[in-house]
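Overview (structure and organization)
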Amino acid sequence: MGKYFVGYVTLLSLTSVTDTQARKLTHLNLAFAPMKDGETFMELSDRQLLEIKRLRRANPSLAILVSTGGGGDRGHGEATSTPEGLDKLTESTVRLVEKYNLDGIDCDWEFPGDTGIIEEKYQHTALFADYRRKLDLFTMKTGKKYWLTTAAGAGEWYLARTEIHESHKYLDFINLMTYDSNTDSTIAGHHTHLYESKVPGCPRIQSAHHNVSIMIEAGVPVEKILIGVAFFSHRWDQVPDVNHGLYQNTPYKNMFGPSYTEIMLKYEPRMDYTKYWDDEAKAPFLYNGSTFISYDDPKSVQHKCEYAIQNGMGGAFYWVHDCDHAGVLFDAIYDNLILSE
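Because the structure is a prediction, the values reported are computed rather than measured.

Rules of the game
Residues numbered from 1 in each chain as written. Predicted model: local features only at pLDDT ≥ 70, side-chain atom pairs only at ≥ 80, totals over all residues. Heavy atoms only, no water. Axes fitted to C-alpha atoms, helices over the stretch in contact; angles between N-to-C directions. Helix = DSSP H or I, 4+ residues; strand = E, 2+ residues; numbered from the N terminus. Parallel < 35°, antiparallel > 145°, perpendicular 65-115°, else oblique. Left-handed = near helix turned anticlockwise from the far one by under 90°. Contact = heavy atoms within 4.5 Å. Nonpolar A, V, L, I, M, F, W, Y, C, P; charged D, E, K, R; others polar. Disulfide = S-S within 2.5 Å. Core = buried A, V, L, I, M, F, W, Y, C linked by side-chain atoms within 4.5 Å. Buried < 20%, exposed > 50% of the residue type's maximum accessible area, 1.4 Å probe, protein only. 1 Å grid on protein atoms, 1.4 Å probe; cavity = no way out; pocket = protein on both sides within 12 Å on 5 of 7 lines; lining within 4 Å. Points joined across faces, edges and corners; volume = space filled by probe spheres on them. Pairing = 2+ DSSP bridges.

To continue, consider the packing of helix α10 (residues 298-310) against helix α11 (residues 328-338). Running from N to C, α10 and α11 point in directions that differ by 30 degrees, and their axes come no closer than 9 Å. With respect to α11, the element α10 is oriented roughly parallel. Handedness of the α10/α11 crossing: right-handed. Touching P298, V301, Q302, C305, A308 and I309 of α10 are V328, L329, A332, I333, N336 and L337, all from α11. Its residues placed into classes, the contact of α10 with α11 shows 10 nonpolar, 2 polar and no charged.

Before going further, it helps to examine the state of the cysteines. Following the criterion strictly, the structure yields 0 disulfides and no others. Its sulfur unpaired, C305 is 18 Å from the next cysteine sulfur, which belongs to C323.

With that out of the way, let us pick up the nonpolar core. If you look at the biggest cluster of nonpolar residues, it comprises 75 residues, and the most contacted ones within it are M42, M215 and I333. Element by element, the count of residues in this core is highest for α11, at 6 residues. Those residues within four positions of M42 in sequence are excluded, and the remaining contacts are L11, A33, V66, L96, Y100 and L102. Formed by 15 residues, the second largest nonpolar core is a distinct cluster that contains L65, W147, F173 and Y179.

By rolling a water-sized probe across the atoms, one finds the places where empty space is left. Estimated volume of the largest pocket: approximately 600 Å³. Forming the walls of the largest pocket are 28 residues, and the residues nearest its centre are F111, M177, Y179, D180 and T183. For the lining of the largest pocket, the secondary structure elements donating two or more residues are α6 (156-161), α8 (208-218) and β11 (232-236). When grouped by side-chain class, the residues that make up the lining of the largest pocket number 12 nonpolar, 10 polar and 6 charged.

Turning our attention to the sheet that holds β11. In spatial order, the strands read β13-β11-β16-β15-β14; together these 5 strands make up an open sheet with antiparallel pairing. What marks the edges here is a single partner per strand, and that holds for β13 (255-259) and β14 (274-278). Within this sheet the neighbouring strands show an average axis-to-axis angle of 30 degrees, counted without direction. Alignment of β14 against strand β15 (residues 283-287), held across 5 bridges, turns out to be antiparallel. Bridged to Y276 within β15 is F285. Packing against the sheet, helix α9 (residues 260-267) makes contact with β11, β13, β15 and β16 (292-294), and its axis sits at approximately 65 degrees to β13.

Our focus in this paragraph is the pairing of strand β5 (residues 63-69). Most of β5 is tucked away, with 7 of its 7 residues classed as buried. As paired strands, strand β2 (residues 27-33) and β5 are joined by 6 bridges and run parallel to one another. Pairing of L30 across the sheet is with V66, part of β5. Here β5 runs beside strand β6 (residues 104-108); their pairing, made up of 4 bridges, is parallel. Bridge pairing links T68 to C107 in β6.

Here we come to the packing of helix α4 (residues 83-99) against helix α5 (residues 120-142). For the pair α4 and α5, the least separation of the axes is 10 Å and the interaxial angle reads 40 degrees. The angle between the axes of α4 and α5 places the two elements in the oblique class. The handedness of the crossing between α4 and α5 comes out as right-handed. Counted together, L86, D87, L89, T90, E91, T93, V94, V97 and E98 of α4 and A126, L127, D130, Y131, K134, L135, F138 and K141 of α5 form the full contact between these two elements. In terms of residue class, the contact of α4 with α5 is made up of 9 nonpolar, 2 polar and 6 charged.

This part covers the environment of Q238. Structurally, Q238 can be placed in the loop between β11 and β12 (248-249). On the accessibility criterion, Q238 (45% relative accessible area) is partly exposed. Distance from Q238 to M255, taken between C-alpha atoms, is 13 Å for residues 17 residues apart in sequence. If near-sequence neighbours (up to four positions away) are discounted, Q238 is found in contact with T250, P251, Y252 and S290.

Along the chain, A31 connects to F32 via a cis peptide bond; the corresponding omega equals -5 degrees. For N243, which is not glycine, the phi torsion reads 55 degrees and is therefore positive. Its location among the elements puts N243 in the loop between β11 and β12. Not every positive phi belongs to a glycine, and Y247 is a case in point at roughly 60 degrees. Along the chain, Y247 falls in the loop between β11 and β12.

Purely geometric stuff here, so don't read any function into it on its own.
Dropping the structure here:
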């Protein structure tokens, strides 16, 4: 079986996916369809429908999925708190698949239990199970395969709040978010690194290797796990000039930094920023004596893709397409994951 190459694109940025890129992807997730009154809601414009038709002409084998929810969404827990609510939610999502002739569902309930409701752990499993049941029934009607995937949080907290060691059986694969690993933190550091750094001061073990390993140890088959690539950065300001800012305490928590396009065109060439490479972590960062920026670049992407191949993972995915206008990171994934296999 070949590797999966999965991209996320916002509904407003469908035009940014070129025909050539569509031919290279195996899956494209449309982000996002939020919860509204207990149902999944997505209304595609005529222009967006034309863009989807264009992508299908470019690659008839491309699986286009609707991504439900997203990181800031809190609708899944409430909607699935009763059997009636669960049925209403899943039925509405499958209707979107039918209405727009899509190829499946990417269930982005990223943070079950964030509300403090323990029962969401079991609602999460029930949601996957009901989606799988309804999509299989739809397959009996159409004869077509429908994909079911999820964006999974990376870390022990996700394993504790879900039954992913069992619920993975309902999924075709899992997009493990091996980025955003140092968020809500006043310590400037890597957010999308492959291995742990040897530089002291990291607040916790949080590398992609660690988070992939604990998911496998929990019982998820490695071939169902995709490694994540960040087309965006995290930034910290007023970072002390020690170890070039890496793992230094700052007055403020991180914020989203520039896209990779901006980094490549504006930040890396600037004289006031220096680009550093942490060879233990296999991750780059920028520092100007005060501001620290963590991100993925083609070299770190290459290491991630080689890791995915060497360890028998399902492939790689990225968030988000319109943060890499020149397709530099996109091509790095394709060249090192698909062409190198």
